[in-house]
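Notes for the structure review
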Amino acid sequence: MNILEMIHEEKGRLPERYRQMSIMEMEARVKEIKDMLGRELFIPGHHYQKEEVIQFADAKGDSLQLAQLSQKNNDAKYIVFCGVHFMAETADILTNEDQHVLLPDMRAGCSMADMADIHQTERAWISLQELFGDTILPLTYVNSTAAIKAFVGRNGGATVTSSNAHKMVEWAFSQKERILFLPDQHLGRNTAYDLGIPLSKMAVWDPQKNQLIFEGDIQEATVILWKGHCSVHENFTVNNIQHVRMEYPGMNVIVHPECRREVVELSDLNGSTKFIIDTIAKAEPGSSWAIGTEMNLVKRLINAHKDKHIISLNPNMCPCLTMNRIDLPHLLWSLESIVEGNPVNRIRVDEDTSTNAILALNRMLERA
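In the annotation of an unreviewed UniProt entry, the chain is listed under the name Quinolinate synthase and assigned to Falsibacillus albus. Heading Subcellular location (unreviewed entry) of the UniProt record for the chain holds this comment: "Cytoplasm".

Counting secondary structure elements, the chain contains 17 helices and 15 strands. Taken against the 2.2 N^0.38 rule, which gives 21 Å for 368 residues, the C-alpha radius of gyration of the chain at 21 Å falls within 12% of a compact globule. Dimensions of the chain, computed from the C-alpha atoms along their principal axes, are close to 65 × 55 × 40 Å. Taking all 368 residues of the chain together, 55% fall into the buried category. Within the chain, residue pairs in contact and separated by at least 24 positions form 66% of the contacts whose partners lie at least 6 positions apart. Split by element, the accessible area of the chain, about 16,500 Å² in all, is 50% carbon and sulfur. In the chain, 37 positive and 49 negative side-chain charges are present, and the distance between their average locations comes to 2 Å.

Bringing the pattern of salt bridges into the picture now. Pairing between side chains becomes possible if they bear opposite charge and their charged atoms approach one another. Enumeration according to the criterion identifies 18 salt bridges in this entry. For arginine 39, the salt bridge identified is with aspartate 75, shortest N-O distance 2.3 Å. On the criterion of sequence distance, the pair formed by arginine 39 in the loop between α3 (23-37) and β1 (41-42) and aspartate 75 in the loop between α5 (63-72) and β4 (78-80) is long-range, its members being 36 residues apart. Using a relative accessible area of 62% as the deciding quantity, one classes arginine 39 as exposed. A salt bridge links lysine 227 to aspartate 206; its shortest N-O distance comes to 3.7 Å. Taken together, the positions of lysine 227 in the loop between β11 (223-226) and α12 (238-247) and aspartate 206 in strand β9 (residues 202-206) put the pair 21 residues apart, joining distant regions of the chain. Aspartate 206 sits in the buried class, given a relative accessible area of 4%. Within this structure, Arg29, Glu32 and Glu336 form a network of salt bridges that share partners.

This brings us to the sheet that holds strand β10 (residues 211-213). Pairing is mixed across the open sheet formed by 6 strands, whose spatial order is β7-β6-β8-β11-β9-β10. Here the strands that pair on one side only, and so sit at the sheet edges, are β7 (158-160) and β10. Geometrically, the sheet is characterised by an average inter-axis angle of 30 degrees between neighbouring strands, direction not taken into account. Across 3 bridges, β9 lies against β10 in antiparallel orientation. Bridge pairing links valine 204 to isoleucine 213 in β10.

A separate point is the state of the cysteines. Scanning all chains against the criterion turns up 0 disulfides. Unpaired in terms of disulfides, cysteine 110 finds its nearest cysteine sulfur in cysteine 230, a separation of 6.8 Å. Under the relative-accessibility criterion, cysteine 110 is labelled buried at 16%. Using a relative accessible area of 13% as the deciding quantity, one classes cysteine 230 as buried.

Conventions and cut-offs
Residues numbered from 1 in each chain as written. Predicted model: local features only at pLDDT ≥ 70, side-chain atom pairs only at ≥ 80, totals over all residues. Heavy atoms only, no water. UniProt positions renumbered as here; feature names shortened; annotations may be inferred. Helix = DSSP H or I, 4+ residues; strand = E, 2+ residues; numbered from the N terminus. Rg over C-alpha atoms; globule rule 2.2 N^0.38 Å. Buried < 20%, exposed > 50% of the residue type's maximum accessible area, 1.4 Å probe, protein only. Contact = heavy atoms within 4.5 Å. Areas by Shrake-Rupley, 256 points an atom, 1.4 Å probe, with all protein chains shown as cover. Lys, Arg positive; Asp, Glu negative; His and termini not counted. Charge placed at Lys NZ, Arg CZ, Asp CG, Glu CD. Salt bridge = Lys/Arg side-chain N within 4 Å of Asp/Glu carboxyl O. Pairing = 2+ DSSP bridges. Axes fitted to C-alpha atoms, helices over the stretch in contact; angles between N-to-C directions. Disulfide = S-S within 2.5 Å.

In structure tokens:
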């Protein structure tokens, strides 16, 4: 490690004093700073954040929803994004230059987003163009880096969310014969299958081997799935569902479409985080649910709906480890750095990347 890397790492490291503070001290100080900064501060909190952080959120939601709320909040000079890196990037892309987007802990990344870096993607695009010519439109899940969103924007494609993936895939096929779906193969596969595309027409691009995986005539492939996944949702299994069916007859199984195809197929319902939250809220008192999504959210739903029997589909599931990098000490550190006039961990996306990423986002929002 060179001296510049050491300085950068030290600057981004939580000062030791925060580890010595009690929870009560930290909570009191966060409240004090929130009152002090007032409307100049906006804290968006993703649904997967833990309670010690989400309790201070000014808004709760999915990644794109929170970025859009940040964009609309013109009063906020500081946006302390309690989520992961790609979410803060999207907020920075959508907000104005005078607003500062901060991520309390720079280690809060997303393993799925990191599975498609821009160098791999550009290399893959060259190979796929050689195979299929100009017949492919790229789509990327919003759970991707700003660089990937920009790549998709430059090449005529759009972003998608788990809520609008069906609509966006249909749109993509009205533009080109094939799609490249980044970076989550499971959401891409589940969406395409729901739209009537057989699994036999879906190929997988392996970025590590720089090769297309497909059985049969390659020209029959119409959906090219990037070999990426969510490390949380991929851990829900067929065995989990079989266990629930045996132990809790009649229990409803609801999962996120980032789960594997076979898990989604065996579930009763599948949909976005918002769909899961809304479904549980509207469910009849006394109904029972096994939920296949991130554990912090499942626990929150259990506490919020005590009139229903709710369990995690996988009782051994851990919370999203990268999302949980954001904790109370890091949140307080971020807020105190603002008060001290030296905000830490600012997220900045360069102008060229932002411009092209906005193209991808707007193509989706125009059809939302």
